[in-house]
Amino acid sequence: QVQLVESGGGLVQPGGSLRLSCSASGIIFMFYAMGWYRQAPGKQRELVASINRDGSTNYADSVKGRFTISRDNAKNTVYLQMNSVEFEDSAVYYCNARPPGLRSDIWGQGTQVTVSA
(Lines give C-alpha, C1' and ligand atoms only; values in the text may rest on other atoms or scores of the structure.)
Protein backbone atom coordinates (compact mmCIF):
# COMPACT_ATOMS: atom_id res chain seq x y z
CA GLN A 1 0.00 0.00 0.00
CA VAL A 2 3.04 2.28 0.30
CA GLN A 3 3.36 4.01 -3.04
CA LEU A 4 4.73 7.11 -4.75
CA VAL A 5 3.35 7.95 -8.18
CA GLU A 6 4.99 10.60 -10.34
CA SER A 7 3.30 12.46 -13.16
CA GLY A 8 3.84 15.48 -15.37
CA GLY A 9 6.86 14.41 -17.37
CA GLY A 10 7.12 14.76 -21.10
CA LEU A 11 8.80 16.58 -23.95
CA VAL A 12 9.69 20.23 -23.44
CA GLN A 13 11.72 22.75 -25.44
CA PRO A 14 14.83 24.43 -24.05
CA GLY A 15 13.80 27.41 -21.97
CA GLY A 16 10.36 25.95 -21.36
CA SER A 17 8.64 24.90 -18.16
CA LEU A 18 7.25 21.71 -16.69
CA ARG A 19 5.70 20.77 -13.36
CA LEU A 20 6.18 17.31 -11.92
CA SER A 21 3.87 15.91 -9.27
CA CYS A 22 4.33 13.04 -6.84
CA SER A 23 1.35 11.63 -4.99
CA ALA A 24 2.08 9.57 -1.87
CA SER A 25 -0.09 6.95 -0.23
CA GLY A 26 0.36 4.53 2.65
CA ILE A 27 2.61 6.83 4.68
CA ILE A 28 2.13 9.59 7.22
CA PHE A 29 3.20 12.16 4.70
CA MET A 30 3.90 15.05 7.05
CA PHE A 31 6.61 13.03 8.85
CA TYR A 32 8.66 12.41 5.70
CA ALA A 33 11.29 14.49 4.01
CA MET A 34 10.59 14.46 0.28
CA GLY A 35 12.92 14.75 -2.66
CA TRP A 36 13.32 14.64 -6.40
CA TYR A 37 16.19 12.72 -7.98
CA ARG A 38 17.06 12.26 -11.61
CA GLN A 39 19.07 9.79 -13.63
CA ALA A 40 20.24 10.26 -17.20
CA PRO A 41 21.47 7.35 -19.37
CA GLY A 42 24.95 6.27 -18.30
CA LYS A 43 24.89 8.56 -15.28
CA GLN A 44 24.41 8.00 -11.57
CA ARG A 45 21.22 9.05 -9.88
CA GLU A 46 21.57 12.52 -8.38
CA LEU A 47 19.59 14.63 -5.96
CA VAL A 48 17.81 17.52 -7.65
CA ALA A 49 15.88 19.03 -4.76
CA SER A 50 14.57 18.10 -1.34
CA ILE A 51 12.12 19.54 1.14
CA ASN A 52 11.99 18.81 4.84
CA ARG A 53 9.06 18.55 7.23
CA ASP A 54 9.39 22.23 8.14
CA GLY A 55 9.42 23.36 4.51
CA SER A 56 13.13 24.04 4.29
CA THR A 57 14.59 23.18 0.90
CA ASN A 58 17.84 22.12 -0.70
CA TYR A 59 18.80 22.25 -4.38
CA ALA A 60 21.54 20.95 -6.57
CA ASP A 61 23.75 23.78 -7.78
CA SER A 62 22.80 23.01 -11.37
CA VAL A 63 19.11 23.82 -10.80
CA LYS A 64 19.26 26.68 -8.30
CA GLY A 65 17.19 29.61 -9.48
CA ARG A 66 15.37 27.49 -12.06
CA PHE A 67 13.59 24.71 -10.13
CA THR A 68 11.32 24.96 -7.12
CA ILE A 69 10.26 22.10 -4.85
CA SER A 70 7.11 22.39 -2.77
CA ARG A 71 4.77 20.17 -0.80
CA ASP A 72 1.09 20.14 0.03
CA ASN A 73 0.59 18.00 3.12
CA ALA A 74 -3.19 18.16 2.80
CA LYS A 75 -2.91 16.51 -0.62
CA ASN A 76 0.01 14.19 0.23
CA THR A 77 1.77 15.60 -2.81
CA VAL A 78 5.18 17.04 -3.60
CA TYR A 79 5.87 19.12 -6.70
CA LEU A 80 8.85 20.12 -8.77
CA GLN A 81 8.37 23.26 -10.83
CA MET A 82 10.96 23.25 -13.60
CA ASN A 83 11.59 26.56 -15.37
CA SER A 84 14.15 27.55 -17.98
CA VAL A 85 14.94 23.91 -18.67
CA GLU A 86 18.17 22.96 -20.41
CA PHE A 87 19.28 19.97 -22.48
CA GLU A 88 21.19 18.70 -19.43
CA ASP A 89 17.93 18.42 -17.49
CA SER A 90 16.83 15.46 -19.62
CA ALA A 91 16.52 12.42 -17.36
CA VAL A 92 14.12 10.11 -15.61
CA TYR A 93 12.92 11.96 -12.53
CA TYR A 94 12.17 9.96 -9.38
CA CYS A 95 10.19 10.95 -6.34
CA ASN A 96 11.71 9.97 -2.99
CA ALA A 97 10.30 9.79 0.52
CA ARG A 98 12.73 9.58 3.43
CA PRO A 99 11.35 8.21 6.71
CA PRO A 100 12.37 9.84 10.01
CA GLY A 101 13.80 6.58 11.39
CA LEU A 102 15.99 3.80 10.02
CA ARG A 103 13.59 2.46 7.42
CA SER A 104 14.59 2.42 3.77
CA ASP A 105 13.67 5.25 1.43
CA ILE A 106 10.59 4.90 -0.73
CA TRP A 107 10.90 5.47 -4.47
CA GLY A 108 8.45 6.17 -7.23
CA GLN A 109 8.54 4.55 -10.65
CA GLY A 110 9.97 7.61 -12.37
CA THR A 111 8.75 9.96 -15.07
CA GLN A 112 10.69 10.84 -18.22
CA VAL A 113 11.62 14.45 -18.93
CA THR A 114 13.12 15.12 -22.35
CA VAL A 115 14.39 18.58 -23.27
CA SER A 116 14.71 18.85 -27.01
CA ALA A 117 14.48 21.51 -29.67
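Refer to the structure above for everything that follows.
Summary of the structure given here. Keep in mind that this is a model prediction, so the values were computed, not measured.

## Structural notes on the side chain of Arg-71
Alright, step 1. On the secondary structure map, Arg-71 appears in strand β7 (residues 67-72).
Alright, step 2. Although buried, Arg-71 forms no salt bridge, and the nearest oppositely charged side chain, Asp-54, lies 7.7 Å from it.
Alright, step 3. For Arg-71, the side chain forms a polar contact with the main-chain oxygen of Phe-29, separated by 2.9 Å.
Alright, step 4. Polar side-chain contacts of Arg-71 include one of 3.0 Å to the side chain of Asn-73.
Alright, step 5. When neighbours within four sequence positions are excluded, Arg-71 is seen to be in contact with Phe-29, Met-30, Tyr-32, Ala-33, Met-34, Ile-51, Asn-52, Arg-53, Thr-77 and Val-78.

## Quick word on the packing of aromatic side chains
Alright, step 1. Under the criterion given, the structure shown has one aromatic pair.
Alright, step 2. Where Tyr-37 meets Trp-107, the ring centres are 4.9 Å apart and the plane angle is 65°; that geometry is what we call edge-to-face. With Tyr-37 in strand β4 (residues 33-39) and Trp-107 in strand β10 (residues 106-107), this residue pair connects regions lying 70 residues apart in the sequence.
Alright, step 3. Overall, the relative accessible area of 14% leaves Tyr-37 in the buried class.
Alright, step 4. Residue classification places Trp-107 among the partly exposed positions, given a relative accessible area of 33%.
Alright, step 5. Taking NZ or CZ as reference, Arg-45 lies 4.6 Å from the ring centre of Trp-107, over its face.

Definitions and cut-offs
- Residues numbered from 1 in each chain as written.
- Predicted model: local features only at pLDDT ≥ 70, side-chain atom pairs only at ≥ 80, totals over all residues.
- Heavy atoms only, no water.
- Helix = DSSP H or I, 4+ residues; strand = E, 2+ residues; numbered from the N terminus.
- Buried < 20%, exposed > 50% of the residue type's maximum accessible area, 1.4 Å probe, protein only.
- Lys, Arg positive; Asp, Glu negative; His and termini not counted.
- Salt bridge = Lys/Arg side-chain N within 4 Å of Asp/Glu carboxyl O.
- Polar contact = N/O pair within 3.5 Å; in protein donor to acceptor, adjacent residues only side chain to side chain.
- Contact = heavy atoms within 4.5 Å.
- Phe/Tyr/Trp six-rings, centres within 6.5 Å; stacked < 30°, edge-to-face > 60°.
- Lys NZ or Arg CZ within 6 Å of the ring centre and 35° of its normal.

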